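Topology and contacts: notes
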Amino acid sequence: MTNTTKGIICIILSAFSFAAMALFVRLAGDVYFIEKAFFRNSVAFIIALVLLIRDAETSGIESVKIRRAFIPFLLIRSAAGSVGIFGNFYAVDHLVLSDAAILNKMSPFFAVLFSIILLKEKIRPVPLLAITGAFMGALLVVKPGFDFSAMLPTLVGFAGGAGAGLAYSCVRKLSSMKCNGKLIVVFFSAFSTLLSVPYLIFHWEPLSLYQLIMLICTGICAAGGQFGITAAYYYAPAREISVYDYSQIIFSAAMGFIFFGMIPDWMSITGYVIIIMMAVLNFLYNRKAAAGQTSKNQAE
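Residues numbered from 1 in each chain as written. Predicted model: local features only at pLDDT ≥ 70, side-chain atom pairs only at ≥ 80, totals over all residues. Heavy atoms only, no water.

As a packed pair, helix α3 (residues 71–94) and helix α8 (residues 181–203) sit with axes 9 Å apart at the nearest point and diverge in direction by 60°. Looking at the two axes, α3 sits oblique to α8. The handedness of the crossing between α3 and α8 comes out as right-handed. Across the interface between the two elements, L74, L75, R77, S78, A79, G81, S82, I85 and F86 of α3 pack against I184, F187, F188, F191, S192, L195 and S196 of α8. Looking at the contact of α3 with α8 residue by residue, the classes come out as ten nonpolar, five polar and one charged. (Axes fitted to C-alpha atoms, helices over the stretch in contact; angles between N-to-C directions. Helix = DSSP H or I, 4+ residues; strand = E, 2+ residues; numbered from the N terminus. Parallel < 35°, antiparallel > 145°, perpendicular 65-115°, else oblique. Left-handed = near helix turned anticlockwise from the far one by under 90°. Contact = heavy atoms within 4.5 Å. Nonpolar A, V, L, I, M, F, W, Y, C, P; charged D, E, K, R; others polar.)

A separate point is the nonpolar core. With 52 residues, the main nonpolar core has F89, I102, L103, M106, F109, F158 and I275 as its most contacted residues. Residue contributions to this core peak at eight residues, all from helix α1 (residues 3–27). Once you skip the residues sitting within four places of it in the chain, I275 turns out to touch I102, M106, F109, A134, G137, A138 and Y246. Listed in part, the 13 residues of the second largest apolar core include A48, C179, L183 and V186. (Core = buried A, V, L, I, M, F, W, Y, C linked by side-chain atoms within 4.5 Å. Buried < 20%, exposed > 50% of the residue type's maximum accessible area, 1.4 Å probe, protein only.)

Under the definition given, this model contains seven aromatic pairs. Measuring from centroid to centroid gives 5.2 Å for F33 and Y90, while their planes differ by 80°, and the two rings are edge-to-face. Of this pair, F33 sits in helix α2 (residues 33–59) while Y90 sits in helix α3; the two residues are 57 residues apart in sequence, bridging distant segments of the chain. We note that F33, like Y90, is buried. Residue placement shows R26 over the ring face of F260; its charged tip is 5.7 Å from the ring centre. Directly above the aromatic system of F188 lies the positively charged group of R77, at a separation of 4.2 Å from the ring centroid. (Phe/Tyr/Trp six-rings, centres within 6.5 Å; stacked < 30°, edge-to-face > 60°. Lys NZ or Arg CZ within 6 Å of the ring centre and 35° of its normal.)

For the rest of this paragraph, the subject is the state of the cysteines. For the structure on display, the rule yields zero disulfides. C221 supplies the cysteine sulfur nearest to C10, a cysteine that is in no disulfide, at a spacing of 16 Å. Judged by relative accessible area, C10 falls into the buried class, the value being 16%. The closest cysteine sulfur to the non-disulfide-bonded C179 is located on C170, 11 Å from its own sulfur. (Disulfide = S-S within 2.5 Å.)

What follows is about the packing of α1 against helix α11 (residues 247–260). Where α1 meets α11, the axes come as close as 8 Å, and the angle between the chain directions of the two elements is 35°. Note that α1 runs across α11; the crossing there is right-handed. Where α1 approaches α11, its residues I12, A15, F16, F18, A19, A20, L23, R26 and L27 are matched on the opposing element by S247, Q248, F251, S252, M255, F259 and F260. For the contact of α1 with α11, the residue count by class is twelve nonpolar, three polar and one charged.

Turning next to the environment of K105. Within the secondary structure layout, K105 lies in the loop between α4 (97–104) and α5 (107–118). Judged by its relative accessible area of 6%, K105 is buried. Not counting chain neighbours up to four residues away, the residues in contact with K105 comprise D245, Y246, Q248 and I249.

Now the structure itself:
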């Protein structure tokens, strides 16, 4: 099995895990989304902390040290990631699961935009076309109108995708600075968990055993998704496997139909097709550009 094949398998398993996470969020029922996010983040924090401690034991304390240069990007990543999680969970509670998933999958396009600012990367015409097309597709899912209360869940989900995109840009920046990946997950999970605490102090809703089990499953699936996507990009570069992450839309649509009888309308389906087409276009462009650069280097 080639590394690319392993990467594809890992990213599809990650997509399934995140779709299952959204399913468990919905199955938890009438619990406020901030409380749901608290359980998701606290479980992920415990798992990541255990792995970080293991890194410190095997590679030394220096490998997990928070350097001063990391702090601004860790804070931005954590704040933006929290917006992403809260926005996604709110959307999952109020929208068709596949709608919530596709709005969250706007994050790669936002990541490109924020990378221009954070990493000083230049954007070429084809990626710019893909971003513009994806935005138009998202409008079909959002369905702008004058009824703000009806639009609120989709706008919150869209904002969540933007927050996740900024978070991913910060992760790329931190990775280029050689920051331990598990440290990034621990810092973010702790930040987002603590962000939920003030609300929970005054508005804690008692949970049934069933709800508690669903929320623990949410955290386990979230951790599985995070580590799955980390492993995927360890085996293969994003240009070769990133498009497979959109399999989450298929998983979410299937789970939404099976468990809740959810069927997206024709405008949403058209939006899905446009966004996925733009992702495929960007994927093929990046792959071709990488192949051209490799040929050029070999010629030199």
